[in-house]
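# Chain and residue survey
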Amino acid sequence: MSESSGEAVAAVVASATEAATEAAAGGWRRATGIAGVAIGVVAAGAAAGVAIERLTVGRGMRRKARLALDSAGPYGGLRGTPGKAYAEDGTELYYEVDDPDPETEADRAPRRRRLFGRKAPAPVTVVFSHGYCLNQDSWHFQRAAIRGVVRTVYWDQRSHGRSGRGVAQTRDDLPVSIEELGRDLKAVIDAAAPEGPIVLVGHSMGGMTVMALADAFPELIRERVVAVALVGTSSGRLGEVNFGLPVAGVNAVRRVLPGVLKALGQRAELVERGRRATADLFAGIIKRYSFASRDVDPAVARFAERMIESTPIDVVAEYYPAFNDHDKTEALAHFAGLPVLVLAGVRDLVTPSEHSEAIAGLLPDAELVLVPDAGHLVMLEHPELVTDRLAGLLARAGAVPAAATVDGYGSTSSSPGPG
């Protein structure tokens, strides 16, 4: 990062601090615009500031472009059979199930041959867990590729997507913990896949959720789980991540961010107005921390932006502390002996690929896939590769007889994707 960029980072940090100070003094209206920038940074999954060049296109034109992308991009439109599970504290957890349809067996045969070979897959349920500030639609391309081939469950983590706000957080003012998310996943499995073999797939926070499930319910892993995929995630030491920033900037952000978030979360409505007012800067930050490729389809980038935008600031705030506390390194031992896929983007600034390498180092039989020119949202940026490796994992688990490279599903080219 250049010296001027470092100075800009320091300015963003100072602005965030100023916002928190003004908020405490009651100057919320004046602080809102600054707060919107700070929240854009955090909601993008990076607890830091970043310098963005000024945009030269008129605001009205940019707004029209976003509307056009929203209408042209079918991403996130896939829906399954809805269901609800209930967490220990009563939080309503929304999930959807895609079941193989025997009535359309003949129509699906070419796709099955492309993905897995000629024989029908074993009766396995693949459970997908999404990351921070995302929702189940973040698996859109993988869902489009394997839909109708194997039974799949997609769910929204508490306070994300269509799931309810966390009861423990809103009623009891308790912080979110990764351990709590592991218990939430258990509730979803009990409701949506109460029997039969399971494959667990988790991205970022979703991977941490899978680790927490293993830590709390090792017998479930031992008796029912037949494979695990950990995508762009970490087993701990997230407090050491620098998010691509200089040391001074990272240290400053770490000092002020918890207080800034707490203050902003208490004035969510005003902060959301500021967040909308800084939408263009917000979009640039999201793209930087989500993708590494220069040729990502703008509609895919906008799709990611919409998911992250939909996460309320108070939810962003209540989740943030959980990541510094996260340490599930010892829980990885429960996956020993299972087929495991560990996959990450080499240019991931949020959960650096070194964290995936550390996970694979503790699971020597795991398949480690490091994707060049990929950022944090690797499953959206390089969907064909991710889907192909997931198909290979299912084959190694014995859920399918033979895997083949996926062809024609999950493209991020400018043409509309599967909807």
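See the structure above.
Residues numbered from 1 in each chain as written. Predicted model: local features only at pLDDT ≥ 70, side-chain atom pairs only at ≥ 80, totals over all residues. Heavy atoms only, no water.

### Here we look at empty space enclosed by the protein
For the record, the criterion: A cavity, in this analysis, means grid points on a 1 Å lattice covering only the protein atoms where a 1.4 Å probe fits yet has no way out; a pocket is instead an open set bounded by protein on both sides within 12 Å along at least five of seven lines, and a residue lines either one if it has an atom within 4 Å of a point. Grid points are joined across faces, edges and corners, and a volume is the space filled by probe spheres set on the points. The secondary structure listing takes helices from DSSP runs of H or I that are at least 4 residues long and strands from runs of E that are at least 2 residues long, numbered from the N terminus. Three residue categories are used. Nonpolar comprises Ala, Val, Leu, Ile, Met, Phe, Trp, Tyr, Cys and Pro, charged comprises Asp, Glu, Lys and Arg, and polar comprises the others, including Gly.
Throughout the structure, instances matching the rule amount to three cavities of 30 Å³ or more. The computed volume of the second largest cavity comes to approximately 40 Å³. Lining of the second largest cavity is provided by Val126, Phe128, Ile146, Val199, Val201, Leu390, Leu393 and Leu394. Listing elements by their share of the lining of the second largest cavity, those giving two or more residues are β3 (125-129), β5 (198-203) and α17 (383-396). Per-element accounting of the lining of the second largest cavity gives the leading share, three residues, to α17. The class makeup of the residues in the lining of the second largest cavity is eight nonpolar, no polar and no charged.

### Some thoughts on the packing of helix α7 (residues 178-192) against helix α8 (residues 205-216)
Geometry of a packed helix pair, given as the angle between the helix axes and the separation of the axes. Rules: A fitted line through C-alpha atoms serves as each axis, taken over the contacting stretch for helices, and the angle formed by two N-to-C directions is quoted from 0 to 180°. Should an angle fall under 35 degrees it is taken as roughly parallel, and over 145 as roughly antiparallel, whereas 65 to 115 is taken as roughly perpendicular and any remaining angle as oblique. Whether two residues are in contact is decided by their heavy atoms, any of which lying within 4.5 Å being enough.
At a minimum axis separation of 7 Å, α7 and α8 run at an interaxial angle of 80°. Compared by their axis directions, α7 and α8 come out roughly perpendicular. Contact residues: α7 offers Ile178, Glu179, Leu181, Gly182, Leu185, Lys186 and Ile189, while α8 offers Met205, Met208, Thr209, Val210, Ala212 and Leu213. Its residues assigned to classes, the contact of α7 with α8 shows nine nonpolar, two polar and two charged.

### Side note on the pattern of salt bridges
Condition: Basic side-chain nitrogens of Lys or Arg form a salt bridge, by our definition, when they fall within 4 Å of a carboxyl oxygen of Asp or Glu.
Summed over all chains, the structure comprises 24 salt bridges. Here Asp137 and Arg79 are joined by a salt bridge, their closest N and O atoms 2.8 Å apart. Within this pair, whereas Asp137 is found in the loop between β3 and α5 (140-146), its partner Arg79 is found in the loop between α3 (59-72) and β1 (81-86), the two being separated by 58 residues in sequence. Where salt bridges share partners, they join Arg79, Glu96, Asp98, Asp137, Arg143 and Arg147 into one cluster.

### Let's talk about the pairing of β3
We apply this condition: Burial classification: accessible surface area is computed with a 1.4 Å probe over protein chains only, and a residue below 20% of its type maximum counts as buried, one above 50% as exposed, and the rest as partly exposed. For two strands to be treated as a pair, DSSP must find no fewer than two bridges joining them. Viewed with both strands pointing away, a crossover whose connecting path from the first strand over the helix to the second turns clockwise is right-handed.
For β3, the buried fraction is high: five of the five residues fall into the buried class. As paired elements, β3 and strand β4 (residues 151-155) share five bridges and run parallel to each other. Among the inter-strand pairings, Phe128 is bridged to a residue of β4, identified as Tyr154. Of the crossover connections in this fold, the one passing from β3 over α5 to the parallel β4 is right-handed. As paired strands, β3 and β5 are joined by five bridges and run parallel to one another. Bridge pairing in β5 links Val127 to Leu200.

### Comments concerning unusual backbone geometry
In the Ramachandran plot, Ser159 falls in the positive-phi region, its phi being about 70° despite a non-glycine side chain. Mapping Ser159 onto the fold places it in the loop between β4 and α6 (167-170). Owing to a relative accessible area of 8%, Ser159 belongs among the buried residues under this scheme.

### Concerning helix α15 (residues 353-362)
Applicable threshold: The arc refers to the directions leading from the helix axis to the C-beta atoms.
Within the sequence span of α15, burial applies to Ser353, His355, Ser356, Ile359 and Ala360. Within α15, the buried residues cover an arc of 155° as seen down the axis, which keeps them to one side. On its buried face, α15 sits against α8, β6 (225-231), β7 (340-345) and β8 (367-371).

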